Amino acid sequence: MTLVYVEYQDGALTEASQSALSVASMFGGPIHAMALGSADAEVLKPYGVEKVLHVADDRLNTYAPGAAGKAVHQVISSQSAETVVAASTASANEILSRAAALGDWGFASACTELSVDGDVVNLTRAIWGGSLFQEAQLTGSPKLITVDPNAFAPQQATAPGAAEVEAVSVALDDADFVDQLKAVEKGEQQGIPLASAKVVIGGGRGMGSEEAFSILEELAGLLNGAVGGSRVATNNGWRSHSDQIGQTGTQIGPDVYIACGISGAIQHMVGCKNSKNIIAINKDAEAPIFQRASHGVLGDLHEILPALIEEVKKVKGV
Amino acid sequence: MDILVCIKRVPDTGGRVNLTSDNRQIDTSNMEFTISPHEECAVEEAIRITEEQGGEVTVLALGPEGTTEQLRESIAKGATQAILLQSDDDNWDAHATAHAIINAVKDKKFDLILMGNEAADLGQYQVGPRVATMLGVPCATGVKALQFQDGNAIAKRQDGNNWAVFELPLPAVVTVKEGINKPRHPSLRGIMAAKRAPLEQIAMDAPAPKMVHKGLKLPQESGDQVTMLGEGAAAVPKIMETLKELGVL
Ligand SMILES: Cc1cc2nc3c(=O)[nH]c(=O)nc-3n(C[C@H](O)[C@H](O)[C@H](O)COP(=O)(O)OP(=O)(O)OC[C@H]3O[C@@H](n4cnc5c(N)ncnc54)[C@H](O)[C@@H]3O)c2cc1C
Ligand SMILES: Nc1ncnc2c1ncn2[C@@H]1O[C@H](COP(=O)(O)O)[C@@H](O)[C@H]1O
């Protein structure tokens, strides 16, 4: 049996979980799904889900990774699941890590390719923030796997399943909820969020100072964009870390990313690889960013940007 | 408060990555090594906490001999002890790594164990929660703000625009993300002292992974060529044209 651990957001099955459901048929045998808290079983039918295992413990309605991990561990054991699949999300990776530790099981996270060869699953995982891939094998039973939702498009099964709901009981103590979510504090959002901006202007070491970022702010203002930076810019204190683009920062996907004085280290580029266009401004013709950008301008950004801003102002009539 | 920080030595790859001829690892000739920004912040956080509250910081790394460089750098910043679990093997999955860490520290007492949310290279998102579960202590992951109140760790992680708040009795495991603090640079004095600091070295047996490492694969290059728009301020008309074509002007 293959168990798919699915997640819902505001009552709706997440798209990432649809990706996870889509790979389940590859492992052969019946597909069962499991969700914590109340879950809509109907939406699971098209994915060939035969049974929906419902863990009847209302305490799990609030995120509690320790208790959830224990519940998942118990369900995997009692239902004799051979393979467990989920989407590679922060919550699923955390919960499956806990289940894996309790069972002393193998767990491959962030998989981008999977194939089954008898008792072995051959897999490819996204590593280094997605700039490189690891090939590995998972052996033993059960095998826990989370899949990178970007690598597997949601796909319905050839035949729908009954998605029959079956209550499963798990034994959880109050102590298992010791690290449950306590509260949610509202953050404040200022300006255009970097992650969803249509235009991003980024600055790196080549900016030279915190003050120099005011020209990027000005250009971003004119183009309705957001300002970001490299790790050098955040490490130097020129920008706050929330503006960092890259492996350990934010992933951006704008129509246009204008990267100024940024060399193009792979850890930076994985953060902007979903940009439709990258215009790189760099004074070094050998800078790696010119290998990954769609457009390049060679030269000193301190000359180019003010001249560009003048022209943009003319067009905008400001 | 006595704190254990787990760090990992990884190559500082820069702009281009080549693989070794057997495609098993990154070709690190002419490369420097570093630790993940997340773990650098874990070290910083630990040093800050002990500066405020007293206690000692132990850094632990599982890796090859060269890892002493990253351990000494942490000592130079203010960690008091370092443990190297020495292994040249490249087949340590999260399961085997968590077991090795637990084994090494089972006779020691820590109030807090700090790790990165995910390692820079393998990024399994597992070692922290696995260690916590095996020790039977609470855990919070992806933490970007950490405080202490009445013997509890108040750990916050970003959830979109909101903050998810967890309150963990100690001892606990907390995995952090870059941005929780701004790591310091080691002082010259620290660097000199770290050179002579004793390190505890434990030679490791070959790992018994559940996920067996087979090799690495580079992503497919798009093959698209960059369109050069010109040099210096003379390129501005072309940039303007491009911005119009791309629909942002
Ligand atoms: C595990 C790990 C995670 C990391 N995560 C991130 C991350 O999330 N984000 C990130 O950005 N980095 C990250 N890094 C760091 C990354 O490897 C690079 O060190 C960093 O991106 C370099 O920043 P930079 O391009 O601004 O600086 P540099 O590499 O120093 O490049 C500066 C560039 O500016 C150009 N320049 C200088 N002056 C001018 C001028 N006047 N006009 C035009 N061009 C000029 C230079 O030619 C050069 O190409 C990570 C590293 C590791 C090991
Ligand atoms: N070889 C190692 N030595 C010490 N700590 C490690 C090692 N591998 C992983 N860790 C710690 O566990 C965290 C998560 O690793 P991972 O689960 O591989 O993403 C890292 O950020 C480190 O803090």
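Residues numbered from 1 in each chain as written. Chains lettered and ligands numbered in written order. Predicted model: local features only at pLDDT ≥ 70, side-chain atom pairs only at ≥ 80, totals over all residues. Heavy atoms only, no water.

Caption draft 1: Structural detail: the pairing of strand E7 (residues 106–117) of chain A. All names here are of chain A. Both E7 and strand E10 (residues 143–147) contribute to a ladder of four bridges, which runs parallel. Across the sheet, Cys111 pairs through a bridge with Val147, a residue of E10. In this structure, E7 lies alongside strand E8 (residues 120–127), joined through six bridges in antiparallel fashion. In the strand pairing of E8, Asp117 is matched with Val120. Between E7 and E8, which pair antiparallel and follow one another directly, the connecting turn spans two residues, one of which, Gly118, has a positive phi of 60°. (Pairing = 2+ DSSP bridges. Helix = DSSP H or I, 4+ residues; strand = E, 2+ residues; numbered from the N terminus.)

Caption draft 2: Looking closely at the site of ligand 1. Residues and elements named next belong to chain A. Taken together, 31 residues are adjacent to ligand 1, and Arg205, Ser230, Ile245, Ser263 and Gln267 come closest. Ile245 places a polar main-chain atom, nitrogen or oxygen, 2.7 Å from a nitrogen atom of ligand 1. Between Gly249 and ligand 1, the recorded distance is 3.5 Å, taken from a backbone N or O atom to an oxygen atom. Protein coverage of the free-state accessible area of ligand 1, which is 990 Å², stands at 86%. (Near = heavy atom within 4 Å. Polar contact = N/O pair within 3.5 Å; in protein donor to acceptor, adjacent residues only side chain to side chain. Areas by Shrake-Rupley, 256 points an atom, 1.4 Å probe, with all protein chains shown as cover.)

Caption draft 3: Broad picture of the pairing of strand E13 (residues 199–203) of chain A. All names here are of chain A. Taking burial as the measure, the five residues of E13 include five buried ones, the bulk of the element. Here E13 shows a buried face lined by Val199, Ile201 and Gly203 and a second buried face lined by Val200 and Gly202. Bridging between E13 and strand E15 (residues 256–260) involves five bridges; their strand directions are parallel. Paired with Val199 across the strands is Val256, a residue of E15. (Buried < 20%, exposed > 50% of the residue type's maximum accessible area, 1.4 Å probe, protein only.)

Caption draft 4: Quick peek at a nonpolar patch on the surface. Residues and elements named next belong to chain B. A contiguous nonpolar patch, built from Leu188, Ile191 and Met192 and spanning about 290 Å² of accessible area, is present on the exposed surface. Mapped onto the secondary structure, Leu188 falls in helix H5 (residues 188–196). Relative accessible area serves as the criterion here: at 66%, Leu188 is assigned to the exposed category. (Patch = residues over 30% accessible without salt bridge, like charges linked within 9 Å, V, L, I, M, F, W, Y side chains within 5 Å. Salt bridge = Lys/Arg side-chain N within 4 Å of Asp/Glu carboxyl O.)

Caption draft 5: Spatial organisation of the sheet that holds strand E11 (residues 200–203) of chain B. The ten strands are arranged E12(A)-E9(B)-E8(B)-E7(B)-E10(B)-E6(B)-E1(B)-E4(B)-E5(B)-E11(B) in an open sheet whose pairing can be described as mixed. What marks the edges here is a single partner per strand, and that holds for strand E12 (181–186) of chain A together with E11 of chain B. Strand-to-strand, the axes of this sheet are offset by a mean angle of 30°, without reference to chain direction. Bridge analysis of strand E7 (residues 139–149) of chain B against strand E8 (residues 152–159) of chain B gives six bridges, and the strand direction is antiparallel. Counterpart to Gln147 of chain B in the pairing with E8 of chain B is Ile154 of chain B. Helix-sheet contacts for helix H1 (residues 37–53) of chain B involve strand E1 (3–7), strand E4 (57–63), strand E6 (112–116), E7 and strand E10 (172–176) of chain B, and the interaxial angle to E1 of chain B is about 165°. (Axes fitted to C-alpha atoms, helices over the stretch in contact; angles between N-to-C directions. Contact = heavy atoms within 4.5 Å.)

Caption draft 6: Spatial organisation of empty space enclosed by the protein. Residues and elements named next belong to chain B. The final tally for this structure, using the stated rule, is one cavity of 30 Å³ or more. Taken as a whole, the largest cavity encloses approximately 50 Å³ of empty space. Lining the largest cavity are Ile35, Glu40, Val43, Gln70, Glu73, Ser74 and Lys77. In the lining of the largest cavity, the residues fall into two nonpolar, two polar and three charged. (1 Å grid on protein atoms, 1.4 Å probe; cavity = no way out; pocket = protein on both sides within 12 Å on 5 of 7 lines; lining within 4 Å. Points joined across faces, edges and corners; volume = space filled by probe spheres on them. Nonpolar A, V, L, I, M, F, W, Y, C, P; charged D, E, K, R; others polar.)

Caption draft 7: Seen up close, the domain arrangement of chain A. Residue and element names in this part refer to chain A. The domain boundaries assigned to chain A delineate domain 1 (2–177) and domain 2 (194–316). One C-alpha centre belongs to domain 1, the other to domain 2, and the line joining them spans 38 Å. Between domain 1 and domain 2, the residue contacts involve four residues of the former and six residues of the latter. In terms of surface lost to domain 2, no three residues of domain 1 exceed Trp128, Gly129 and Ser131, which account for 88% of the buried area on that side. Counting the contacts that link domain 1 with domain 2 gives zero salt bridges. The interface formed by domain 1 and domain 2 includes one residue pair in polar contact (both at pLDDT 80 or more). Grouping the constituent residues of the side of domain 1 that touches domain 2 by class yields one nonpolar, three polar and no charged. (Domains from an automatic or database assignment. Buried area = accessible area lost by both parts, 1.4 Å probe.)

Caption draft 8: Layout of the interface of chain A and chain B. Residue-level contacts link 77 residues of chain A with 74 residues of chain B. Of the roughly 6600 Å² buried where chain A meets chain B, counting both sides, 59% is carbon and sulfur surface. The three residues of chain A that bury the most area against chain B are Trp128, Glu135 and Glu185 of chain A, which together make up 10% of that side's buried surface. On the surface where chain A and chain B come into contact, there are seven salt bridges. Residue Glu178 of chain B pairs with Arg231 of chain A through a salt bridge whose shortest N-O separation is 2.6 Å. Taken together, the connections running from chain A to chain B amount to 42 residue pairs in polar contact (both at pLDDT 80 or more).

Caption draft 9: Here's a closer look at helix H4 (residues 213–223) of chain A. The complete set of buried residues in H4 of chain A reads Phe213, Ile215, Leu216, Leu219, Ala220, Leu222 and Leu223 of chain A. Of the surrounding elements, those touching the buried residues of H4 of chain A are E13, strand E14 (226–229), helix H5 (231–235), E15 and helix H8 (301–316) of chain A together with helix H6 (236–245) of chain B. Positive phi shows up at Asn224 of chain A, right after H4 of chain A, with a value of about 60°.

Caption draft 10: Structural detail: the side chain of Thr242 of chain B. Assignment of secondary structure puts Thr242 of chain B in helix H6. For Thr242 of chain B, a relative accessible area of 5% gives the class buried. A distance of 2.7 Å separates a polar side-chain atom of Thr242 of chain B from the backbone oxygen of Lys238 of chain B. Residues contacting Thr242 of chain B, with those up to four places away along its chain left out, are Ile279 and His295 of chain A together with Leu229 of chain B.

Caption draft 11: A look at the sheet that holds E13 of chain A. On the basis of which strands lie adjacent, the open sheet formed by six strands has the order E14(A)-E13(A)-E15(A)-E16(A)-E17(A)-E13(B) and parallel pairing. Every other strand in the sheet has two partners, leaving E14 of chain A together with strand E13 (227–231) of chain B as the edge strands with one partner each. Neighbouring strand axes in the sheet, compared pairwise and without regard to direction, differ in orientation by 20° on average. With four bridges joining them, E13 of chain A and E14 of chain A adopt parallel strand pairing. Looking at E14 of chain A, one finds that Ile201 of chain A is bridged to Val227 of chain A. In the packing of H6 of chain B onto the sheet, the strands contacted are E15, strand E16 (277–282) and strand E17 (295–298) of chain A together with E13 of chain B, and the crossing angle to E13 of chain B comes to about 145°.

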